[in-house]
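Overview (structure and organization)
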Amino acid sequence: MNTVFKRTSVLKDCPTHYCPGCGHGIAHRLVAEVIDELDIQDRTIGIAPVGCAVLAYNYLDVDMVEVAHGRAPAVATGMKRTNPDKIIFSYQGDGDLAAIGTAEIIHAAHRAERITVIFINNAVFGMTGGQMAPTTMLGQVTATTQQGRNPSNGQGYPLQVSEILALLPGTVYVERCALNGVPGIRRTKAAMKHAFQLQMDDAPGLSLVEVLSPCPTYWRMSPAKAMKWIDEQMSRAFPIARLKG
Amino acid sequence: MTGKIVIDTERCKGCGLCVVVCPKKSIVISEESNQSGYFPARKTDGDCTGCAQCAIICPEGIIEVSREQMERIRIVAAPGKPGTPRLIEEKR
C-alpha cells in the first residue's frame, strides 16, 4: 500500500478549537502543506490574527507572532524589512483585515511590501458571535442584521478588499479562491503556493490570497450546506477570480 | 484498485463533509459518540478507491489514505502482422 495522503508535519499533531466544518482547519492545513512543499519551514515567520484563528500559532509548526487586532501587515512590514531573507506571511480574517485593519493592509500594499497575506473571508465576525462584518453580503442575516443586511438602513455594502488591492500598483498577485469543495480546495492551495513562491522569488510587491471560507455555526447551516452556500450565494457577491498577477 | 482510509475517530468532530464528498458513499456518521461527545465519521465496508477527497476536505486533517500500487502498463505498437492486434499491453 502506498500512502496517498498524510497529515503534514508542519501542522502540529493536536486537535483544533474550531467548530465542526470550519474552513480555518482546511486553510491551516493548506498553508502548512505549502510551507512543507516549498521547504521553507525553517525560515518562515507567520503572523496570527485576532479572531477565530487567534490561536493559529498552536497549530502551525513555524515561528509565529500574535499582534494587535488588524496590525499584522504593519508588523510584517517591520519583520520583512529587517529580515529580507525570511518568508513572512500574515493569516487574517475579514474582521481583522477588512474592518479594523483596513488602513494597514491598504498601506502595506501601497508601499509594495514583499509579504504574503492569506485573507480568510467568511462574511461574519465569527469569534464575537456572528455579527455583521464589512464583508457581510446584502440580505445576509447575522446577529446584528436580523432582517438581512440592507444599505437603506445605514448598514452599507459589502467591502470588496481584493478588488481594491488589485487596483494598487504595489500588489503583484491577488486571487480570490473558495473552500467550496475538493476542486476549490485544490485551487486554493495552488494559489497559496504561487503567493509564497512569489515572495521567495523576491517579487516586488504584496501577494494576497482571499479565501471564501465556510462558517457553518454563524451562517446557521450544516457544514455541507455551508459549502454549497459559498457556491450559490457568496461567489456571486465575491466572484472567484484571479484578479491580478 | 483499492484504497484504505484510517480516520482518527477520537479527534473527529462529525462535521460530515467527508460523508458528502465520498464518491463511493463509503463513509457514514457513527451512532456512537467519541470521548469528546461528537459522533465521528466511520468507514463502512463499501468500496474505497483511495481518491483522498475525504482527506482533502477534512477540516481536522485526521484522515490518512493509502492505495494499492497500480500495475504499470505500457501500450506499445506491435509489428503489423495480419491477424494480430496492432497495439499490445506490456506489463512492467
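One can find the structure itself at the top, above this paragraph.
Now for a description of the structure that goes with this document. (Residues numbered from 1 in each chain as written. Chains lettered and ligands numbered in written order. Predicted model: local features only at pLDDT ≥ 70, side-chain atom pairs only at ≥ 80, totals over all residues. Heavy atoms only, no water.)

1. A short note on the interface of chain B and chain A
Contacts between chain B and chain A engage 27 residues on the former and 26 residues on the latter. When the two sides are added together, the surface that chain B and chain A hide from each other amounts to roughly 2200 Å², 61% of it contributed by carbon and sulfur. On the surface where chain B and chain A come into contact, there are one salt bridge. Of the charged contacts in the structure, one is a salt bridge between D13 of chain A and R11 of chain B, with a shortest N-O distance of 3.0 Å. The interface formed by chain B and chain A contains 12 residue pairs in polar contact (both at pLDDT 80 or more). When residues of the side of chain B that touches chain A are traced back to their parent elements, those giving at least two are β1 (3-7), α1 (17-21), α2 (53-57) and β4 (63-67) of chain B. The dominant element in the side of chain B that touches chain A, judged by the number of residues it contributes, is β4 of chain B, at five residues. A per-class count over the side of chain B that touches chain A returns 14 nonpolar, six polar and seven charged. One ladder, built from three bridges, connects strand β1 (residues 2-5) of chain A with β4 of chain B; its direction is antiparallel. Looking across to β4 of chain B, one finds that T3 of chain A is bridged to S66 of chain B. (Contact = heavy atoms within 4.5 Å. Buried area = accessible area lost by both parts, 1.4 Å probe. Salt bridge = Lys/Arg side-chain N within 4 Å of Asp/Glu carboxyl O. Polar contact = N/O pair within 3.5 Å; in protein donor to acceptor, adjacent residues only side chain to side chain. Helix = DSSP H or I, 4+ residues; strand = E, 2+ residues; numbered from the N terminus. Nonpolar A, V, L, I, M, F, W, Y, C, P; charged D, E, K, R; others polar. Pairing = 2+ DSSP bridges.)

2. Comments concerning the sheet that holds β4 of chain B
The three strands are arranged β1(A)-β4(B)-β1(B) in an open sheet whose pairing can be described as antiparallel. Only two strands of the sheet have a single partner each, and these edge strands are β1 of chain A together with β1 of chain B. Taken over all neighbouring pairs, the strand axes of this sheet differ in orientation by 30° on average, direction set aside. (Axes fitted to C-alpha atoms, helices over the stretch in contact; angles between N-to-C directions.)

3. With respect to the sheet that holds strand β2 (residues 44-48) of chain A
Residues and elements named next belong to chain A. With mixed pairing, the seven strands of this open sheet are ordered in space as β3-β2-β4-β5-β9-β8-β10. Sheet topology places β3 (63-66) and β10 (242-244) at the edges, where each strand pairs with a single neighbour. Each adjacent strand pair in this sheet contributes to an overall mean axis angle of 15°, direction not counted. In terms of strand pairing, strand β8 (residues 171-178) meets strand β9 (residues 206-212) through seven bridges, oriented parallel. Directly across from C177, in β9, lies its bridge partner V211.

4. As for the pattern of salt bridges
All names here are of chain A. Throughout the structure, instances matching the rule amount to 13 salt bridges over all chains. The closest approach of N and O atoms between R7 and D13, which form a salt bridge, is 3.9 Å. Accessibility expressed as a relative area gives 63% for D13, which makes it exposed. A salt bridge links D202 to R114; its shortest N-O distance comes to 3.2 Å. (Buried < 20%, exposed > 50% of the residue type's maximum accessible area, 1.4 Å probe, protein only.)

5. Details of unusual backbone geometry
Excluding glycine, residues mostly have negative phi values, and the peptide bonds linking residues are mostly trans. All names here are of chain A. The backbone phi angle of D39 is positive, close to 60°, even though this residue is not glycine. Tracing the chain through its elements places D39 in the loop between α1 (23-38) and β2. A relative accessible area of 63% means that D39 is categorised as exposed. For D202, which is not glycine, the phi torsion reads 60° and is therefore positive. You can see D202 is positioned in the loop between α6 (182-200) and β9.

6. Focus on α1 of chain A
The terminal C-alpha atoms of α1 of chain A lie 23 Å apart, and with 16 residues this matches the ideal 22 Å at 1.5 Å per residue to within 8%. By the criterion of burial, α1 of chain A is predominantly enclosed, with 14 of the 16 residues buried. (Expected span 1.5 Å × (residues − 1).)

7. Quick notes on the nonpolar core
V31, F89, I118 and F196 of chain A together with I63 of chain B are the most contacted members of the largest nonpolar core, which has 60 residues in total. Sort the elements by how many residues they give to this core and α1 of chain A lands first, with eight residues. The contact partners of F196 of chain A, leaving out residues within four places of it in the chain, are V31, V34, I35, L38, I40, I87, F89, T116 and I118 of chain A. Membership of the second largest hydrophobic core comes to 22 residues, among which are A72, I88, L97 and L206 of chain A. (Core = buried A, V, L, I, M, F, W, Y, C linked by side-chain atoms within 4.5 Å.)

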